[in-house]
Amino acid sequence: MIRINDIIDKITENHPDAELDIVDRAYIFSARVHDGQMRLSGEPYLSHPLEVAGILADMKLDSISIAAGLLHDVIEDTYATPDEIKNMFGPEVLHIVSGVTKLSGLTFDSSQTRQAESIRKMILAMADDIRVILIKLADRLHNMRTLQFHKESKRRKIAQETLDIYASIAARLGIYWIKKELEDSSFKYLDSEEYSRIESLVSEDKEGREKYLETVKDYIEKKMNEADLECEVRGRYKNFYSIYQKMIKQNLAFEDIYDIIGFRIILDRIPQCYEALGLIHALWKPVDKKFKDYIGVPKHNMYQSLHTTVIGPVGERIEIQIRTRDMDRVAKSGIAAHWSYKEGKSIDENMSKTFAWIQNLVENQADFRNPDEFLENVRIDLFPDEVYVFTPDGEIKSLPRGATPIDFAYTIHTEVGNQCTGAKINGRLSTLKNELHTGNIVEIITTKNHHPSKDWLNFVKTVKARSRIRQWIKIQEKERSITLGREMCEKSFRKYRLNFNALLKLEEMGKAVEHFGFKTVDDLIANVGYGKITPLQIIRKVTPKPEPKEENESILGRIISHVRKKKHRAGVIVSGVDDILIKFGKCCRPIPGDFITGYITQGYGVTVHRTGCVNALKMNPERQIDVEWNKNATETYPVKICISCHDRVGLLADIAANITKNGANILGLKTEILENKSAICFLTIEVKDAEHLHKIISAIKKVGFVYKVKRIDR
């Protein structure tokens, strides 16, 4: 366990004039309030805030940040109050600690909603004070280092969240050493067998690689010195998760990955970087389309460097990065290298512009109440790959990789996006689906009174475009639902000899609106049209108990009346409704253990989708209904898996034997033989739940010549 003296030494080394008293007091207070608490590892709980503070000191943050790191859990996990923190350490420390504190005091309908709201709060706090997220990253980093003390199911859940959200945030902030450690530790728990395999392959010829690394490094240094370029040359190993991702995305075997070892050339000034680049290209032939100038066009997280790939001394590819010392410091620490909170100082204007994406992220997420939609959009905003395109006036716009002219149109203005009917790329007419590439000049063609199309949701990539299109669709659907709801109410009220339009003006109708949790009568009527409530429910609230026979006029009610006699799937329970037809979405094939959501589908009962399903996210959230897995059900569910392997005699027999051995039935099989005797097998198998599927996938991975197994939706 790190000691407070070690942390103090690091602070003094980084900031000789730092105020150490506040760190000492924070340590004493944290030790007192956490006294007697233990972690799952058996260590005193105090070890956790100390380790978090140590990570923050390694990031060279100031005393206020490190004091907040020592106190980050005290409001949530101890009897300490916000007033105590404010009185003892000041409003600035309280502000940061409050931002870091989790939402454990609130209750949500599901763990998915809890996760969404926690992340929403974290992002809002991040926009307000970046130190919140730096402490949160340090907190998550230490928790991942001690994740082995949790149960396996919780380990997988925490690791997945870390990979999806926290590693992406670290990348966006340019703190690559944290990103890499979070990725590798998550990978270790999510796919331990693949992690161990890559670890073993990297270690196999470690001695040979080290020798090669030193030889190339010495040669580069020698050539640079001959050209009077004083520099430092470093070798680096690619992290395991990056290797795995490259193998998956490019369908490569481990032996085909050329950049497991890379080199960095560190110089003093920018002109020297370009001079060194010319020298490297003169020494070794550059690989076409493998050069990137992040000095001329920096990444949004401030990262700057020249990247090139060359054919090395023995015919192999070598990836080389060239940068200045300042650029190297930013590449290591990202935003932490620039974010200054020393007394009397604040962040400069250029830095505020650089991280305007945080504020944009907050603004774009403000209207999303659906947790699945919110999390999907957060992941899109955190996606690090970007392309840079130009307006006809030469203004640069940054967009995620795969973005289309529609995405570009919405970055200009919402009305430009809504009225977009065509586009020109580099002066030529283009379809709205075309992907944009760095350097494209994009011109948008608009038509007055044109409106967004629902089909655009199939290919747009930016959150702003998605949110504006969905907003338009929602407004249109609400108008239709108000019309439908009014017709349904008028018809039902007439059956009870009531005048719906006259009752709308009475106080009782206002009470009914309030009772159902709506703000206006139109919202109430729209939800009748959506099928969320029935006209009969309104009648019961505004009049005495009716005498005539009850009937259900909602969409959901009509569904129930039409399908009640049909066999329903006992594996899923629909909130508040019994005996209703359940249909599983073929687009995502949910199985027990997946997060699921239901959508009212007229004539088909309730369709169940995985929460991250693209098709589900396109649907109107007003038709969403809560569903959950029935824990007592004993059914099996079809799921598709894709196996990538090298073909050999008896391979399919071995795969089938491993599936059967683990209690699963094969429903369908299709194979494709590719070049170099590689093969892809698509199997549909029956499983009990996600844990059963994970067990089967692990068993298949042990079959010789199989190098990748993954679940697929279609």
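Everything numeric in this text was worked out from a predicted model, so none of it was measured. (Residues numbered from 1 in each chain as written. Predicted model: local features only at pLDDT ≥ 70, side-chain atom pairs only at ≥ 80, totals over all residues. Heavy atoms only, no water.)

### Focus: the overall build of the protein
For the protein, the helix and strand inventory stands at 30 helices and 20 strands. Looking at the protein as a whole, 50% of its 714 residues are labelled buried. Residue pairs in contact within the protein that sit at least 24 positions apart in sequence constitute 66% of those at least 6 positions apart. For the protein, the computed accessible surface area is about 35500 Å², with 49% contributed by carbon and sulfur atoms. (Helix = DSSP H or I, 4+ residues; strand = E, 2+ residues; numbered from the N terminus. Buried < 20%, exposed > 50% of the residue type's maximum accessible area, 1.4 Å probe, protein only. Contact = heavy atoms within 4.5 Å. Areas by Shrake-Rupley, 256 points an atom, 1.4 Å probe, with all protein chains shown as cover.)

### Here we look at empty space enclosed by the protein
Under the defined criterion, the tally for this structure stands at one cavity of 30 Å³ or more. Here the largest cavity defines a volume of roughly 30 Å³. Lining the largest cavity we find E194, Y244, M247, I248, L252, Y707 and K708. Looking at the lining of the largest cavity, the elements with two or more residues in it are α14 (240–249) and β20 (706–712). Among the elements that take part in the lining of the largest cavity, α14 stands out by supplying three residues, more than any other. (1 Å grid on protein atoms, 1.4 Å probe; cavity = no way out; pocket = protein on both sides within 12 Å on 5 of 7 lines; lining within 4 Å. Points joined across faces, edges and corners; volume = space filled by probe spheres on them.)

### Observations concerning the environment of K289
As for its placement among the helices and strands, K289 is situated in the loop between α15 (270–283) and β3 (292–293). Remark: the alpha-carbon pair of K289 and T309, spanning 20 residues in sequence, is separated by 8.9 Å.

### Looking at the pairing of β20
The buried fraction of β20 is high, at five of seven residues. Relative to β20, strand β17 (residues 637–646) runs antiparallel, the two being bridged by six bridges. Residue C645 lies in a different strand from β20, and its bridge partner there is V706. (Pairing = 2+ DSSP bridges.)

### What about the sheet that holds β3?
On the basis of which strands lie adjacent, the open sheet formed by five strands has the order β1-β2-β5-β4-β3 and mixed pairing. Since the sheet does not close on itself, it has two edges, and those belong to β1 (232–237) and β3, each with one partner. In this sheet, strand β5 (residues 317–324) lies alongside strand β2 (residues 261–267) in parallel orientation, the contact comprising six bridges. The residue bridging R264 from the neighbouring strand is Q321, located in β5.

### Section: the sheet that holds strand β18 (residues 665–673)
Read across the open sheet, the four strands follow the order β18-β19-β17-β20; overall the sheet is antiparallel. The sheet terminates laterally at β18 and β20, the two strands that pair on one side only. For this sheet, the mean angle separating the axes of adjacent strands, direction not counted, is 20°. Note: β18 against strand β19 (residues 678–687), eight bridges, orientation antiparallel. Paired with T671 across the bridge in β19 is C681. (Axes fitted to C-alpha atoms, helices over the stretch in contact; angles between N-to-C directions.)

### Notes on the pattern of salt bridges
For the structure shown, the criterion picks out 22 salt bridges. The residue R325 makes a salt bridge to E232 at a minimum N-O spacing of 3.5 Å. Linking R325 in helix α16 (residues 325–333) with E232 in strand β1, this pair joins segments that are 93 residues apart in sequence. In this structure R325 comes out as partly exposed when scored by relative accessible area, which is 36%. Taking the shortest distance from any N to any O, the salt bridge between E319 and R236 comes out at 2.6 Å. With E319 in strand β5 and R236 in strand β1, this pair connects stretches of sequence that are 83 residues apart. (Salt bridge = Lys/Arg side-chain N within 4 Å of Asp/Glu carboxyl O.)

### A closer look at the side chain of S63
Looking at the secondary structure, you find S63 in helix α4 (residues 63–70). You can call S63 buried: its relative accessible area is 8%. Excluding residues within four positions of it along the chain, S63 makes contact with I11, A18, E19, I22 and V23.

### Re helix α3 (residues 47–58)
Taking 1.5 Å per residue, 12 residues should reach 16 Å; α3 reaches 16 Å between its end C-alpha atoms and fits that length. Among all positions of α3, only S47, H48, P49, L50, E51, V52, A53, G54, I55, L56 and A57 are buried. Directly beyond the C-terminal end of α3, a positive phi value near 65° is found at K60. (Expected span 1.5 Å × (residues − 1).)

### Here we look at a nonpolar patch on the surface
A cluster of nonpolar side chains, contributed by L652, I666 and L669, occupies part of the molecular surface with about 240 Å² of accessible area. In this structure, I666 sits in strand β18. Among the residues examined, I666 registers a relative accessible area of 32% and is labelled partly exposed. (Patch = residues over 30% accessible without salt bridge, like charges linked within 9 Å, V, L, I, M, F, W, Y side chains within 5 Å.)

### What to know about the packing of aromatic side chains
Under the defined criterion, the tally for this structure stands at 13 aromatic pairs. With a centroid separation of 5.7 Å and an interplanar angle of 75°, the aromatic rings of F187 and Y195 are classed as edge-to-face. The pair F187 / Y195 is uniform in exposure class, with both members buried. For the ring pair Y241 and Y244, a centre distance of 6.4 Å and an interplane angle of 40° mean the geometry is tilted. Of this pair, Y241 and Y244 both sit in helix α14, three residues apart, roughly one helical turn. Classification of Y241 by relative accessible area gives buried; the value is 14%. Chaining the aromatic ring pairs together yields one cluster made of F187, Y195, F240, Y241 and Y244. (Phe/Tyr/Trp six-rings, centres within 6.5 Å; stacked < 30°, edge-to-face > 60°.)

### Regarding the confidence of the model for the protein
Overall, the predicted model of the protein reaches an average pLDDT of 80, with 83% of residues at or above 70. Taken element by element, the protein is modelled with least confidence in helix α17 (residues 349–354), mean pLDDT 49, and with most confidence in α15, mean pLDDT 93. Segment residues 103–110 is flagged for pLDDT under 50; beyond a separation of four residues in sequence, or across chains, it makes 12 contacts in the model. For residues 339–353, every residue scores under 50 in pLDDT, and the model assigns this stretch 18 contacts once sequence neighbours within four places are set aside. (pLDDT = per-residue confidence, 0-100.)

### Some points on a negative patch on the surface
On the surface, a cluster of negative charge is made up of E204, D205, E207, E255 and D256. Along the chain, E207 falls in helix α13 (residues 206–226). Judged by relative accessible area, which is 70%, E207 ranks as exposed. (Lys, Arg positive; Asp, Glu negative; His and termini not counted. Charge placed at Lys NZ, Arg CZ, Asp CG, Glu CD.)

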